[in-house]
Amino acid sequence: MLTLYRDHNAVCCHKVELVLAEKGLDFQIVTVPLFRSAQYDPDYLLINPRGVVPTLVHDGATIIESTVICEYVDETFPTPPLMPGDSAGRAQVRQWTKLVDEEIHEAGSVLSFCAMFRDRMLVMEESEREERFRNVGNPGREDFYRSSVEDGVASRFAFRAVAAYERLVRDLEAQLATTGSWLAGCRYSLAEAAVTPYFARAEYLGLLDIWLAGRPATAAWWDRIKSRASFAAVLTGTLSNADLAEMSASGDKIRTEVEARRDEYLHAYSSRLARPHSPEEREKDGA
Ligand SMILES: N[C@@H](CCC(=O)N[C@@H](CS)C(=O)NCC(=O)O)C(=O)O
């Protein structure tokens, strides 16, 4: 028996659900509504001491951390495989999942905070808002929650988030333009499941095209992902009209500022962003 503790519109839960859908697995859902602070309930903290979703329970084993859960599911239910058969391919997948864990998860969360969660939190009583911040048991997370809610896209965390999306899509384009349809090997893998929720969130906020413009290989890859049954089951088929309307309206309000921060990043970092030339190209340039 598989039980997933999740919030229905949480990016790292979508990652796990995409993997379960790709495998065609049935699972029981326990809803942990994040905005009601259910993740800090003492009973939930017993199974996930980090106070976050998702958590997967399988035959008495409790597994936390979405990337770890995805690998666990892939190993335990090997068909269809979502990891390439060779070590180099598996290393390639892990380069993407590590990037998502280290940078993109925070970037997606910050953009969501600057848009819809900020809107929700600004209308709370101050005491309720403070309690929400106080509940976060991790100073790093508390800092970005506070900063995104207090300063919105002007926050330094938002600048980092916009830069992280820019680098992600730049690197996806470089890879997909050379390797073809998928990020690792010849089929959909855990790398796709890891990136998809953060692309979907940016798309629902009405921001993804800021990064996709002029990146045809990534745009085609994104269309391939959206045409899969797993995407329909986890995203289009699950989010309500109210969810979609909230994301779209709140994203609309920050779009111009996000574009400006992207320009600011490209301007400040352009000389440091040039991809290194190959020895052959340098020789041709007379370097
Ligand atoms: N590294 C963790 C991150 C988990 C995480 O931050 N989950 C978010 C939802 S996507 C959450 O539960 N946030 C709780 C909160 O904001 O208080 C994972 O990948 O499982």
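Above: the structure in question.
Residues numbered from 1 in each chain as written. Predicted model: local features only at pLDDT ≥ 70, side-chain atom pairs only at ≥ 80, totals over all residues. Heavy atoms only, no water.

Draft legend 1. Looking closely at the pairing of strand β1 (residues 2-6). Across the five residues that make up β1, a large majority, five, are buried. Alternating residues of β1 divide into L2, L4 and R6 and T3 and Y5, and every residue in both groups is buried. The sheet contact formed by β1 and strand β3 (residues 55-58) spans four bridges and is antiparallel. Bridge assignment links T3 to a residue of β3, and that residue is V57. Bridge count between β1 and strand β2 (residues 28-31): four bridges; the pairing is parallel. When the bridges of β2 are listed, Y5 appears paired with V30. Between the parallel elements β1 and β2, the chain passes through helix α1 (residues 11-23) in a crossover that is right-handed. (Buried < 20%, exposed > 50% of the residue type's maximum accessible area, 1.4 Å probe, protein only. Helix = DSSP H or I, 4+ residues; strand = E, 2+ residues; numbered from the N terminus. Pairing = 2+ DSSP bridges. Right-handed = clockwise from strand over helix to strand, strands pointing away.)

Draft legend 2. Structural context of unusual backbone geometry. The linkage connecting V53 with the following residue, P54, adopts the cis geometry, with an omega of 5 degrees. Cis geometry marks the peptide bond from T79 to P80, where omega comes out at -10 degrees. Secondary-structure assignment places P80 in the loop between α3 (66-76) and α4 (87-122). The backbone of S37 shows a phi angle near 60 degrees, a positive value even though the residue is not glycine. For S37, the position within the fold is in the loop between β2 and α2 (42-47). One non-glycine residue, D59, adopts positive backbone phi at about 45 degrees. Summarising the element assignment, D59 is placed in the loop between β3 and β4 (61-64).

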